[in-house]
Amino acid sequence: TASSRAVRVALEGELRTIDIGRVTLGDATRYFANVASAGMSGSVAHRANSMSKALGGRATFFYALTREFLAWKNTEVTVRLDSGDERRGAMHDVIVANGRTHGGGMKLAPDASQDDGLFDVVCIGDVNKLDFITTAPKLYSGKYLAHPKVDHIRSATVEIDAAEPLPVEVDGEPIGTTPARFEVVPASLRVRVPSK
């Protein structure tokens, strides 16, 4: 079972030191180990957390994703990176990933590394319903990154602001709204992972 595998990893797994993320919204600061985002994902997290998980995490998150997408309106967003570069325009979501998977197994950042001192930042642009229908299944393989309206970059800091406040979530928990600043805190957490 999953719980017995988790106990085995906790007792016998290999020790590893990973980065964590820190996000600041106004005077509030939160930390995350895996994935944070600003945009529709915050609304998806809120809906998924309020639903029964009887069908499993993957089905619950995909249902919440579909429901939120149908009502979502893309917003003008500005994303500032540590290089000084900016991404500006109508966006659906901005993903700030330390880890690779999120929300029931979606591979939002399939090449992310939790110990490289950088976030994988994914800006999902002005996607429409046709984009969603053709691309949503690719979230589980990570192949959605090839879509022309998706921009993937790496940065140790990310600042996100928007024309209208966007919901922000960290590791699946809604925490507030933009503007938000994300920073990598290198080599901050020791965890046990399955032995190779």
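K.L.:
Break down the overall build of the protein chain for me, citing the residues and quoting the values.
P.N.:
What the protein chain contains, in helices and strands, is 4 helices and 12 strands. Taking the contacts inside the protein chain whose residues are at least 6 apart along the sequence as the reference set, 71% of them involve residues at least 24 apart. Only carbon and sulfur atoms are counted for the fraction: they give 53% of the accessible area of the protein chain, which is about 10,000 Å².

K.L.:
Help me get a handle on the side chain of histidine 92, residues and values and all.
P.N.:
Summarising the element assignment, histidine 92 is placed in the loop between strand 5 (86–91) and strand 6 (93–97). The class of histidine 92 is buried, set by a relative accessible area of 7%.

K.L.:
So what's going on with the sheet that holds strand 1 (residues 14–25)? Residues and values would help.
P.N.:
Within the open sheet, the 6 strands sit side by side as 2-1-12-9-4-5. Their pairing is antiparallel. Looking along the sheet, the strands with just one partner apiece sit at the ends: strand 2 (28–32) and strand 5. Averaged over all pairs of adjacent strands, the angle between strand axes in this sheet comes to 25 degrees, irrespective of strand direction. Judged from the 5 bridges that link them, strand 4 (residues 75–81) and strand 9 (residues 157–162) form a sheet pairing that is antiparallel. What sits directly across from valine 77, in strand 9, is alanine 162.

K.L.:
Break down the sheet that holds strand 6 for me, with residues and values.
P.N.:
The strands making up a sheet associate through hydrogen bonds between their backbones, and the pairing can be parallel or antiparallel. Taken together, 6 strands build an open sheet; the order of strands is 8-7-6-3-10-11 and the sheet is antiparallel. Both edges of this open sheet fall to strand 8 (150–155) and strand 11 (173–177), since each of them pairs with a single strand only. Each strand axis lies, on average, 20 degrees off the axis of its neighbour in the sheet, ignoring direction.

K.L.:
So what about the nonpolar core? Which residues, and what values?
P.N.:
Membership of the largest hydrophobic core comes to 44 residues, with the highest contact counts inside it found for Tyr144 and Phe182. Per-element accounting of this core gives the leading share, 5 residues, to strand 7 (residues 119–124). Here tyrosine 144 is in contact with Ile95, Lys107, Leu108, Val122, Ile124, Thr135, Lys138, Leu139 and Val150, once residues within four sequence places are set aside.

K.L.:
Explain the environment of glycine 99 residue by residue, including any values.
P.N.:
Of note, glycine 99 is situated in the loop between strand 6 and strand 7. With residues up to four places along the chain from it excluded, the contact list for glycine 99 reads Ala33, Asn34, Val35, Ala109, Ala112 and Gln114.

K.L.:
Before we move on, could you go through unusual backbone geometry and cite the residues and values that matter?
P.N.:
A cis amide bond links threonine 178 with the next residue in sequence, proline 179, at an omega value of 10 degrees. On the secondary structure map, proline 179 appears in the loop between strand 11 and strand 12 (180–193). A positive phi angle, close to 50 degrees, is found at aspartate 171, a residue other than glycine. The exposure class assigned to aspartate 171 is partly exposed, which follows from its relative accessible area of 32%.

K.L.:
Can you explain the pattern of salt bridges? Please cite residues and give values.
P.N.:
When their charged atoms lie close together, side chains carrying opposite charge are able to pair. Inspection of the entire model under this criterion finds 9 salt bridges. For arginine 87, the salt bridge goes to aspartate 151, with nearest N and O atoms at 2.5 Å. Of this pair, arginine 87 sits in strand 5 while aspartate 151 is found in strand 8, placing the two residues 64 residues apart along the sequence. What makes arginine 87 partly exposed here is its relative accessible area of 21%. Salt bridges sharing partners connect three or more residues here, namely Arg22, Glu159, Arg181 and Glu183.

K.L.:
Report on the environment of threonine 157, specifying residues and quantitative values.
P.N.:
Note on placement: threonine 157 falls in strand 9. Considered as a pair, threonine 157 and leucine 118 are 39 residues apart in the sequence and their alpha carbons are 7.9 Å apart. The residues touching threonine 157, leaving out its near neighbours within four places in the chain, are Arg80, Leu81, Asp82, Arg181, Phe182 and Glu183.

K.L.:
Can you tell me about the packing of aromatic side chains, naming the residues and giving the values?
P.N.:
As enumerated under the stated definition, the model contains 2 aromatic pairs in all. When the ring of phenylalanine 32 is compared with that of phenylalanine 119, the centres are 5.8 Å apart and the planes differ by 15 degrees; the resulting orientation is stacked. Separated by 87 residues along the polypeptide, phenylalanine 32 in strand 2 and phenylalanine 119 in strand 7 bring together distant segments of the chain. The two residues phenylalanine 32 and phenylalanine 119 agree in class, both being buried. Taken together, a centroid distance of 6.3 Å and an interplanar angle of 80 degrees make the contact between phenylalanine 32 and phenylalanine 182 edge-to-face. Taken as a pair, phenylalanine 32 in strand 2 and phenylalanine 182 in strand 12 lie far apart in primary sequence, 150 residues in all. Given the relative accessible area of 0%, phenylalanine 182 is considered buried.

Analysis parameters
- Residues numbered from 1 in each chain as written.
- Predicted model: local features only at pLDDT ≥ 70, side-chain atom pairs only at ≥ 80, totals over all residues.
- Heavy atoms only, no water.
- Helix = DSSP H or I, 4+ residues; strand = E, 2+ residues; numbered from the N terminus.
- Contact = heavy atoms within 4.5 Å.
- Areas by Shrake-Rupley, 256 points an atom, 1.4 Å probe, with all protein chains shown as cover.
- Buried < 20%, exposed > 50% of the residue type's maximum accessible area, 1.4 Å probe, protein only.
- Pairing = 2+ DSSP bridges.
- Axes fitted to C-alpha atoms, helices over the stretch in contact; angles between N-to-C directions.
- Core = buried A, V, L, I, M, F, W, Y, C linked by side-chain atoms within 4.5 Å.
- Salt bridge = Lys/Arg side-chain N within 4 Å of Asp/Glu carboxyl O.
- Phe/Tyr/Trp six-rings, centres within 6.5 Å; stacked < 30°, edge-to-face > 60°.

Geometric descriptors of this kind do not, in isolation, establish any biological role.
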